[in-house]
Structure formats: C-alpha cells, structure tokens
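Coordinates in review
One letter stands for each residue in the lines below.
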Amino acid sequence: MLDVNNTTRVEMDWSGPERLQMNMGPQHPSAHGVFRAILGLQGETVVDVDAVIGYLHRCHEKLSETLTYAQYPSIASKTDYVAAMTSEFAYVLAAEEIGKFEVPKRAQYLRVIVAELQRIASHLLWLGTWCMDMGGALGGGATIFLYCIREREDILDLFEALVGARLLYGFFQVGGVRYDIPDGWAEQCRSTIDRINSRIDEYEQMLVDNAFFLARTQGVGVVSRELAQDVGIAGPLLRGSGVNYDIRRNAPYSSYQDFDFRVPVETDGDCYARYRVRMAEFRQAISIIRQALDKLPAGPISSRPALKSVAQIRLPKGEAYARVEGPRGEVGTYMISDGSAKPYRMKWRGASFSNLAILPHIIPGHKVADVVAIMGSVDPVFGEVDR
Amino acid sequence: MIAEQARASLGSMLGVEIGAGVPMVVDVPASRWEEIARYAKDTIGCRFFNFLTAVDWKEQGLEVVARVDNLEDGISLMLKTKLGSGVNNCASLTPVYRGANWMERECFDMFGVHFDNHPDLRRILLEDGWEGHPLLKSYAVDTPHPPYR
C-alpha cells in the first residue's frame, strides 16, 4: 500500500515516493465537456484529485430571477442539454406546485413519454461515449458509439416531429405542455422503441462477454451505500450502490403511479453495477412509454388559457421544491415566489453536480486509466454541473 | 422513525411547533445548525444529503437552507437558518455530511457565506479572482467585469 500522507511533491519524476501533478482537461476527450482534474500521482496511481469545474457556468439561478414563468422553461433546457426535457420538467413542476395548477391527464402522460424517451436518448449517449472512452478493446474503437448515436438519432427525430427542435425543446409550460403529438407520431414512436429494444440486446452481447470491458469496470470506482448517501449522489449511481430509491416510484409525479415498472438496483457499487442499472433502465423506460401510449387519454394538453403576455402567469407567495428522476438522478428546483411574475429565488439541484462530487472520494487509489472509466460511469453533463 | 415521531422530537428539541407538510420545514437557530443536522442524520436517519443553498432576504439578511432525506422511511427535512442582517458566518455541515463540501463552496461563491471549519472554502464555479457574489440581490445582473484574459 502507498502511504499517501508521507510523500513529497516534486516538479517532474516518475518513480519512487515522489508525487507528480498531472493536469487532465479541461479539453480532454473523456471529460465529456469541460472538466479539469488535477491529479496527484504516485507512479501510476492517483493519490489525490482536485476537481475544477465552472467552465460552463452561466448563472442560471440569477437568470431565472430575471425571466418570467412563461419565458424560463425553454431556457431551463440549457442546464442539462443532454436531457433537456428533464430540466424543463423540474422547473414547471415547482411553479405548478406553488400556483396549484392542475395539469390535464393527457399532458401528464405526454410529459412521461418525452421524459422516458429522453432517458433513453441520454443513456444511449452515455453508453456510446463511455465505451469509446475505454478504447478499442470494446469491439473496435468507435463501434458502440456509432451504434448508440444511430439509435439516439431516431429519438431526436421523434422530438423534432413533436416540437421542431432536436436538442433544446421548450415543450413544457406551466399548466401543461405546448405541443400535442402529430398524426402518425405514436406509431413512429412505437416502432422506434421496438427497434431500440432489440438493439440493446445487441450491445449487451457485445459487452457482457468482453473480458476487457469486465476488467475495466468490475471492482473499479466502488461507492459504498453509506458514501453514496452522504455525498448525495442520485439516480443510477445511487441505485448501483444498493439504495433502492427512485423518485418515480417513491414520490410519484405526473401520473407515474399509473404505470408498472421495476426499479433496478445493484449492490456492488462499481462501474459495472452502474452499467447494469442503466441497461435495465433502458428496458423499463421502453415499457413505460408503451404503457403511456396505450393508455394515452384524450383531452386538453394545457389547463390554462393561452397567454397574451409573457408576464401573465403570476404565482402566489410561497415556496416549493419539485424534483424529477432524470437520467442522471434527482433534478430539482427549489423555488421561492414573492407573488410576482418571476421567481424571487430559484436553486437548481443539478444531479450531475452532486454526482461529480463523488470523484474525489473514489478516484484515489486507482490508476490513471481508471479515472476515465470512473468519470464515464458517473455520466456528468457539464451544463448541469456548472449551470 | 416515522415522520410524526421526527416532527415531535425536532419540535421538542427546538421548542417550536413544526408544521405539517412535506418536506418538513425546520427553522433552526444559527447557533444549533450543526447540532440539528447531526441529530437529523444520526437519530432521524436523514443520511441522504440533498442540497444546500442560501436565500438573500435583502435587509433581513441571508438564510441558509439545506435539505436532507431519510430515503428508507420517506422523511424529508428542509433545514433553514437565518444568519441575521449583516452576518455572513455559518457553521459548516462538512463534519456531518461529506456532500456539504461542494454545496457550501458553491454557496460561498454565490452568496459569500463563510462556513466556519470548512476544510477547503474557495470559489467553485467562478474563477478565483471574481469580485462579488452574484446571487446576492445587491449584485446587478449586468455588473461589468474585466475581460477574461
């Protein structure tokens, strides 16, 4: 074992007890955005990590104080741009809770459908980029990445047909959703998810017997159940560490109680466990979308008359914390209203921010190459980390 | 522990009535901030550290807000403490929750709250040389700042 406390720092060396400082990022291909990690190395083992974030900070919380309840939802997309639907969802839920807005059943189901499609799209991007990070051992370089992007493209096509935009939507609005599904969309959606369902089997076959993949993920980056909760990581990371908690089931919102689905949980807490959780979530998301399309009620998609001015939605004084289970875990908004058309204060609880905070706790003791595998298994989106 | 027991025990500890509702909103005197957080974690079982932030109530001063959850029993606490007008010191929760480290750094960055005993209190999202704390109500949205480099 290395004695991490009993070392001296030197400028450059590679052997003995000296430490080498290595800068990783912010423009590193495996950083999934702009993230800088200052690694303290002893030989090839990482002994400390200083995570530097904030490169993408736009101060969304200040921005939200300047934009009205009608304007901000489409800006909310830009926090987590890989799962834009989720961020909009969290914002409108908080406003609806303060304003006691009813949301029509059809709108609730449409919200569930897009949120689950978004989960699939986001997990596809995670799987592709993560496998690419871990290199050519995984069935030839970019193979899985290109497969995943191909499938994700189909989901973006669905969003484009629905909203007109592929990445940042403005689909949600306070009191409902802005767009109803066009003719033929439901069939297109069903055939897309059927296709993705069969392709997921294909990816699993590529990975499950791959000795390199298993060697790089099993037992790597273990997060204990206790540490997971103490740091506040959420979503697949939390469930990969044996905590059976999913907001969709434990505190249902937007009619999630109407659907049957399983919450996958793994107990090992390593990269492989997080992989297993996400792979199971693909199938659960597909099942939820099928059920929602089957049961989609008729009726209006918004509970309030259309606005004549952006400042027309005024909420009573009050506060609310609304949260949704995003692809990366709990995405929440803590909103305080002072009775005007804009929030007095709004806090984004970005899932990626809390998830990334686990890195300094789990990376020390691993090799440099494992940092890449662990980073990818956390699936951070830096728009949401920095907000 | 169930929610009703938690409500009663926190109420008797603080000598106040804690209102019904989810999450449970608990107003904590600033001097007992760390003690109540430790009680929430160890006795009520709120081991999940959700978030920590602050609210600037202008002349009434800053309020620090933290949310912790007991995931098994479904108990959520919204702990709040008013620091008082002109005060920006607060006890750090890092000895209780490791997740408080980054959250308190962000709160320091955005509101200038100094968390006593924080092991590494420096800016996290903004660059080191940034002047001011943007989420304070006194900080104008269009505050000019020098070029990046």
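Residues numbered from 1 in each chain as written. Chains lettered and ligands numbered in written order. Predicted model: local features only at pLDDT ≥ 70, side-chain atom pairs only at ≥ 80, totals over all residues. Heavy atoms only, no water.

1. A few points about the overall build of chain A
Within chain A, the regular secondary structure consists of 15 helices and eight strands. Against the compact-globule benchmark of 21 Å for 387 residues, chain A has a radius of gyration of 22 Å, which places it among compact chains. Overall size of chain A, expressed as C-alpha extent along the three principal axes, is 70 × 45 × 35 Å. Taking all 387 residues of chain A together, 62% fall into the buried category. Nonlocal contacts in chain A, meaning residues at least 24 apart in sequence, comprise 70% of its contacts between residues at least 6 apart. (Helix = DSSP H or I, 4+ residues; strand = E, 2+ residues; numbered from the N terminus. Rg over C-alpha atoms; globule rule 2.2 N^0.38 Å. Buried < 20%, exposed > 50% of the residue type's maximum accessible area, 1.4 Å probe, protein only. Contact = heavy atoms within 4.5 Å.)

2. A short note on the environment of Arg323 of chain A
Residue and element names in this part refer to chain A. Structurally, Arg323 can be placed in strand β6 (residues 318–326). Of the residues examined, Arg323 reaches a relative accessible area of 13% and is grouped as buried. A polar contact is formed between the side chain of Arg323 and the side chain of Tyr245, at a distance of 3.0 Å. A distance of 3.4 Å separates polar atoms of two side chains, one belonging to Arg323 and the other to Glu330. (Polar contact = N/O pair within 3.5 Å; in protein donor to acceptor, adjacent residues only side chain to side chain.)

3. Remarks on the interface of chain A and chain B
Many structure descriptions define interface size as the accessible area lost when the parts assemble. In this assembly, 42 residues from chain A lie in contact with 38 residues from chain B. Both faces considered, chain A and chain B share a buried interface measuring about 3,400 Å² in area, 57% of it formed by carbon and sulfur atoms. If you sort the residues of chain A by the area they bury against chain B, Lys62, Asp230 and Tyr344 of chain A come out on top, with a joint share of 20%. On the surface where chain A and chain B come into contact, there are nine salt bridges. A salt bridge links Glu106 of chain B to Arg387 of chain A; the shortest N-O distance between them is 3.1 Å. Our enumeration of links across chain A and chain B arrives at 20 residue pairs in polar contact (both at pLDDT 80 or more). (Buried area = accessible area lost by both parts, 1.4 Å probe. Salt bridge = Lys/Arg side-chain N within 4 Å of Asp/Glu carboxyl O.)

4. Some remarks on the pattern of salt bridges
One pass over the structure, following the stated rule, counts 44 salt bridges over all chains. With a shortest N-O distance of 3.0 Å, Glu116 of chain A and Arg119 of chain A are connected by a salt bridge. One end of the pair, Glu116 of chain A, and the other, Arg119 of chain A, are both in helix α4 (residues 105–133), three residues apart, so they sit about a helical turn from each other. A salt bridge links Lys82 of chain B to Glu63 of chain B; the shortest N-O distance between them is 3.4 Å. Linking Lys82 of chain B in strand β4 (residues 75–84) with Glu63 of chain B in strand β3 (residues 62–70), this pair joins segments that are 19 residues apart in sequence. For Lys82 of chain B, a relative accessible area of 47% puts it in the partly exposed group. What makes Glu63 of chain B buried here is its relative accessible area of 3%. When salt bridges that share partners are traced, they join Glu116, Arg119, Arg239, Asp246, Arg248, Glu281 and Glu325 of chain A into one network.

5. Quick look at the nonpolar core
Within the largest apolar cluster, 177 residues are counted, with the highest numbers of intra-cluster contacts made by Ile53, Leu117, Ile120, Leu127 and Phe171 of chain A together with Leu77 of chain B. In terms of residue count, the dominant contributor to this core is α4 of chain A (15 residues). Apart from the residues lying within four places of it in its own chain, the contact partners of Leu127 of chain A are Ile144, Cys148, Tyr203, Leu207, Tyr275 and Met279 of chain A. (Core = buried A, V, L, I, M, F, W, Y, C linked by side-chain atoms within 4.5 Å.)

6. Regarding the confidence of the model for chain B
With 98% of its residues at a pLDDT of at least 70, chain B reaches an overall mean of 88. In the predicted assembly, ipTM is 0.88 and pTM is 0.87. (pLDDT = per-residue confidence, 0-100.)

7. Here we look at the packing of aromatic side chains
According to the stated counting rule, one finds 22 aromatic pairs over all chains in the structure shown. Seen in terms of ring centroids, Phe213 of chain A and Tyr275 of chain A are 4.9 Å apart; in terms of plane orientation they differ by 75°. Their pairing is edge-to-face. Taken together, the residues span a long stretch of sequence, with Phe213 of chain A in helix α7 (residues 211–217) and Tyr275 of chain A in helix α11 (residues 271–295) at a distance of 62 residues. Both residues of the pair, Phe213 of chain A and Tyr275 of chain A, belong to the buried class. Between Tyr256 of chain A and Phe261 of chain A, the aromatic rings sit 6.2 Å apart at their centres with planes inclined by 70°, giving edge-to-face as the arrangement. Look at Phe261 of chain A and you get buried, because its relative accessible area is 18%. Grouping aromatic residues by their ring pairs yields a cluster made of Phe89, Tyr109, Phe171, Phe172, Tyr179, Tyr253, Tyr256, Phe259 and Phe261 of chain A. Sitting over the face of the ring of Tyr147 of chain A, Arg150 of chain A holds its NZ or CZ atom 4.8 Å from the ring centroid. Looking at Lys41 of chain B, its charged tip hangs above the ring of Tyr97 of chain B, at a distance of 5.3 Å from the centre. (Phe/Tyr/Trp six-rings, centres within 6.5 Å; stacked < 30°, edge-to-face > 60°. Lys NZ or Arg CZ within 6 Å of the ring centre and 35° of its normal.)

8. As for the sheet that holds β3 of chain B
Residues and elements named next belong to chain B. If you walk across this open sheet you meet the four strands as β1-β4-β3-β2, and the pairing is mixed. Here the strands that pair on one side only, and so sit at the sheet edges, are β1 (24–27) and β2 (48–56). This sheet shows a mean twist of 20° between the axes of neighbouring strands, independent of strand direction. Relative to β4, β3 is paired through nine bridges, and the arrangement is antiparallel. Counterpart to Val68 in the pairing with β4 is Leu77. Strands in contact with helix α1 (residues 3–14) are β1 and β4; relative to β1, the strand with the most contacts, it is inclined by about 10°. Sheet strands in contact with helix α2 (residues 33–42) are β3 and β4, and its direction is about 175° off that of β4. (Pairing = 2+ DSSP bridges. Axes fitted to C-alpha atoms, helices over the stretch in contact; angles between N-to-C directions.)

9. Things to note about the pairing of strand β8 (residues 343–349) of chain A
All names here are of chain A. Counting buried positions along β8 gives seven out of seven residues, so the element sits mostly inside the fold. The pairing of strand β7 (residues 329–337) with β8 spans six bridges and is antiparallel. Along β8, the bridge assignment pairs Tyr334 with Lys347.

10. Things to note about the pairing of strand β3 (residues 45–52) of chain A
Residue and element names in this part refer to chain A. Both strand β2 (residues 36–42) and β3 contribute to a ladder of seven bridges, which runs antiparallel. Paired with Arg36 across the two strands is Val52, which belongs to β3. Adjacent in sequence and paired antiparallel, β2 and β3 are bridged by two residues, among which Gly43 carries a positive phi angle near 65°.

11. Considerations on the state of the cysteines
When the sulfur atoms of two cysteines share a covalent bond, that bond is a disulfide. With the rule as written, the count across this model stands at zero disulfides over all chains. Left without a disulfide partner, Cys148 of chain A is nearest to the cysteine sulfur of Cys131 of chain A, which lies 6.8 Å away. Accessibility expressed as a relative area gives 1% for Cys148 of chain A, which makes it buried. In this structure Cys107 of chain B is a free cysteine whose sulfur lies 7.8 Å from that of Cys90 of chain B, the closest cysteine sulfur available. The buried category is assigned to Cys107 of chain B, whose relative accessible area is 4%. (Disulfide = S-S within 2.5 Å.)

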